[in-house]
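Observations on the model geometry
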Amino acid sequence: MKKFGFKLLGTDKKCNARVGHITTPHGEIETPVFMPVGTQGSVKALTPRDVKEAGSEIILSNAYHLYIRPGTEVIRKLGGLHKFMGWDRPILTDSGGYQVFSLSKLRKISEDGVTFNSHFDGREIHLTPEKVVEIQEALGSDIAMIFDECPAASKDKHLIEKAVNITLRWAKRAKKHHKRRSQALFGIVQGGTFLDLRKRSLEETLAIGFDGYALGGLSVGEPKPEMLKILEEILPRMPDDKPRYLMGVGTPVDFFEAIERGADMFDCVNPTRYGRNGTAFTSDGLVVVRNGKYQKDPKPIQKDCDCYACREFSRAYLRHLVNSHEILGAQLITLHNVHFFVNLVKSMREHIRKGSFLAFKKRFFNRFDPDSR
RNA sequence: GUGGGCGUAGCUCAAUUUGGUUAGAGCACAAGAUUGUGGAUCUUGGGGUUGCGGGUUCAAUUCCCGUCGCCCACC
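Just so it is clear, the structure is predicted and the values come from calculations on it, not from any experiment.

Describing the protein's contact with RNA strand B
The environment of RNA strand B is made up of 44 residues, and the closest members are C150, G248, G250, T272 and N291. Broken down by secondary-structure element, the contributors of at least two residues to the surface near RNA strand B are β5 (59-62), α5 (97-102), β14 (265-268), α11 (270-276) and α14 (327-354). The element contributing the most residues to the surface near RNA strand B is α5, with five residues. Partitioning the surface near RNA strand B into residue classes produces 15 nonpolar, 19 polar and 10 charged.

Written out as C-alpha cells, the structure reads:
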C-alpha cells in the first residue's frame, strides 16, 4: 500500500502560489485542491459518481459525526469508510475539533478532552486526542486531523491563547498515539488573528512534526483583511515540503487570495450548502436560482460551464425544482457548484504551472461580481 | 320552495358575543444571511374595498335590511 507523501512541483515567480503532488494509499492528488465536504460519509445530494464527474480528487469527512452515527465499529466491520461509502479516492477526515466550536452549547472542554452532549440523542460523549486518532484509524481515511480547539473569532487574547496551548498539548498526544503508518496526520495551527500567537503555534506544531500543516480557526467571524494578514504572514513560514491546508475556506475570491499567499488545500461547505438552498456559484458571481427574475430564463446557470446541470437544464427549470422543493433541484445545483469549485482551483493550478496565475486572478476578479445577487 | 349555517390576505383561520387606535397569525410568496455542514434556521418585505349594495351611528369586520355565492337539513 502506498504511503502518504508530498512533493512540491513548482512555485510562481511573482507570488507565493505553488503546485504540488500528494500521494496517498487511495491515489494521487494535485495541489492546490478543493475538497468537497461529506461530513456524514456523503457529499450531500451527490452520488460518489457525481462527485467524480465533477472532477473531485479527494473529499472530506468527519470523525465526530461518523463516530456518533453509525459508529466506528459499523464502518470498520463494513471494510472501512472508503468501501462503506463507495468512494475509492482519497478521504481526509476532520477530527471533530470544529464541532467543539459549532456545537459549543453542548460541550465542556477539559485538559483531558471534550465532553459533548451528542447533538443526535443527547448521550454524553467524551472525546480525547487519542480517541479521535483511533476513530480516524478505524475509519481508514488517508489524511487524519488532530483534535484541536477552534475558538470563535475573539479579541480576547487570553482566550485564544488558551486554545493555542491546549491544541498544542493535544497535538503531542495525538502524534504519540497515532500508529497507522499509511495514514497521514496533520497538525493544526491556531491563534485567531494574533500574529504572535500564530507564529508560536506554528513553531511548536512544527517541532512536534506532522505530515502536513493546517491553518484552523479562520473564517469564523473575523474581518476578512485580518484573515488575509494571517495568511500572508504564516503561510510562507510553513515548510515548503509539506502540504498547507486552510481549513473551512471558502469562496472563489478566498481561493485566489489564499493560493496567491501559498495555500494548497481547501474544504468548504459553501458549494453544497448553497446548492441545497438554491444558489449557484459562477464566474460572473452568485446566481440565486430561486429568485423570481429567473422564472422564464432559458439560459443555463453558466453558459460556458460543461457540467451536467448546465449542459441540460435551464435556470427556469432549476428554479421550478427549488421552489417545489424537489430533491433534484438541490442535486443539480450542488453538482454545478462542486464542479465549479473543484475546477476553478484546478484552473488556478494550471495557471501557476504556466506562470500566469496573477493574470488569471485579475481576469477572474474583473468578471466576478461579488455583489451579483 | 322552507329552515338553518357560513362568507375576513393566495390557503387555513383569529378579531364580531358586548361597535372604538393602523383588521392579526401560521403557511405560501418575495428579498437577504449561510466559510473544518445546517435538506436546518434566522432576518426582512409585499400583500385586505372584511362577498356586494344600502341603513343606523361621532364611529361598522362587528348591529339592521337587501342581494349574491357556498354548505347542511327538510319539502
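A short note on the domain arrangement of chain A
Splitting chain A by domain gives domain 1 (5-268) and domain 2 (270-367). A straight line from the C-alpha centre of domain 1 to that of domain 2 covers 26 Å. Counting from both sides, the interface comprises 31 residues of domain 1 and, opposite them, 28 residues of domain 2. A total of five residues in the side of domain 1 that touches domain 2 trace back to one element, the largest contributor, which is helix α10 (residues 252-260). Residue classes in the side of domain 1 that touches domain 2 are distributed as 19 nonpolar, four polar and eight charged.

Points about the sheet that holds strand β2 (residues 18-24)
Spatially, three strands are ordered β1-β2-β3 in an open sheet, and the strand pairing comes out antiparallel. Whereas interior strands pair on both sides, the edge strands pair on one side only; in this sheet they are β1 (5-11) and β3 (27-31). When strand polarity is set aside, the average angle formed by the axes of neighbouring strands in this sheet is 15°. Sheet analysis places β2 next to β3, joined by five bridges and oriented antiparallel. Of the residues in β3, the one forming a bridge with G20 is T31. Contacts from α14 reach β1, β2 and β3, with the element oriented near 120° to β2.

Looking at the sheet that holds strand β6 (residues 91-94)
The eight strands lie next to each other as β4-β14-β13-β12-β11-β10-β6-β5, forming an open sheet whose pairing is parallel. At either margin of the open sheet sits one strand with a lone partner, and together these are β4 (33-36) and β5. Averaged over all pairs of adjacent strands, the angle between their axes in this sheet comes to 25°, without regard to strand direction. For β5 and β6, the ladder comprises four bridges, and the chain directions are parallel. Paired with I59 across the bridge in β6 is I91. Along the sheet, α14 makes contact with β4 and β14, crossing β4 at roughly 160°.

Brief notes about the nonpolar core
M35, I146, F186, A214, L246 and F266 are the most contacted members of the largest nonpolar core, which totals 109 residues. When residues of this core are assigned to domains, at least three map to each of domain 1 (5-268) and domain 2 (270-367).

Considerations on helix α7 (residues 157-177)
Over its 21 residues, α7 extends 30 Å from the first C-alpha to the last, a length consistent with the 30 Å expected when each residue adds 1.5 Å. Listed in full, the buried residues belonging to α7 are I160, A163, V164, I166, T167, L168, W170, A171 and A174.

A look at the confidence of the model for chain A
In the predicted model, chain A carries a mean pLDDT of 95, and the fraction of residues at 70 or more is 100%. Predicted complex, confidence summary: ipTM 0.92, pTM 0.95.

Side note on helix α6 (residues 129-139)
Each turn of an α-helix holds 3.6 residues, which means side chains three or four residues apart point in the same direction. Within α6, nine of the 11 residues are buried, leaving the element largely enclosed by the surrounding structure. Residues of α6 that are buried include every one of P129, K131, V132, V133, I135, Q136, E137, A138 and L139, and no others. Immediately downstream of α6, the backbone of G140 shows phi near 80°, a positive value.

Examining the pairing of β14
Residues of β14 alternate between two faces, with M265 and D267 on one and F266 and C268 on the opposite face, all of them buried. In this structure, β4 lies alongside β14, joined through four bridges in parallel fashion. Each bridged residue has a counterpart across the sheet, and for V33 the counterpart in β14 is M265. The sheet contact formed by strand β13 (residues 244-246) and β14 spans two bridges and is parallel. The partner of Y245 across the bridge, within β14, is M265.

The rules behind the values
- Residues numbered from 1 in each chain as written.
- Chains lettered and ligands numbered in written order.
- Predicted model: local features only at pLDDT ≥ 70, side-chain atom pairs only at ≥ 80, totals over all residues.
- Near = placed C-beta within 6 Å.
- Helix = DSSP H or I, 4+ residues; strand = E, 2+ residues; numbered from the N terminus.
- Nonpolar A, V, L, I, M, F, W, Y, C, P; charged D, E, K, R; others polar.
- Domains from an automatic or database assignment.
- Contact = placed C-beta atoms within 7 Å.
- Pairing = 2+ DSSP bridges.
- Axes fitted to C-alpha atoms, helices over the stretch in contact; angles between N-to-C directions.
- Core = buried A, V, L, I, M, F, W, Y, C linked by C-beta atoms within 7 Å.
- Buried ≥ 20, exposed ≤ 12 C-beta atoms within 10 Å, placed from the backbone.
- Expected span 1.5 Å × (residues − 1).
- pLDDT = per-residue confidence, 0-100.

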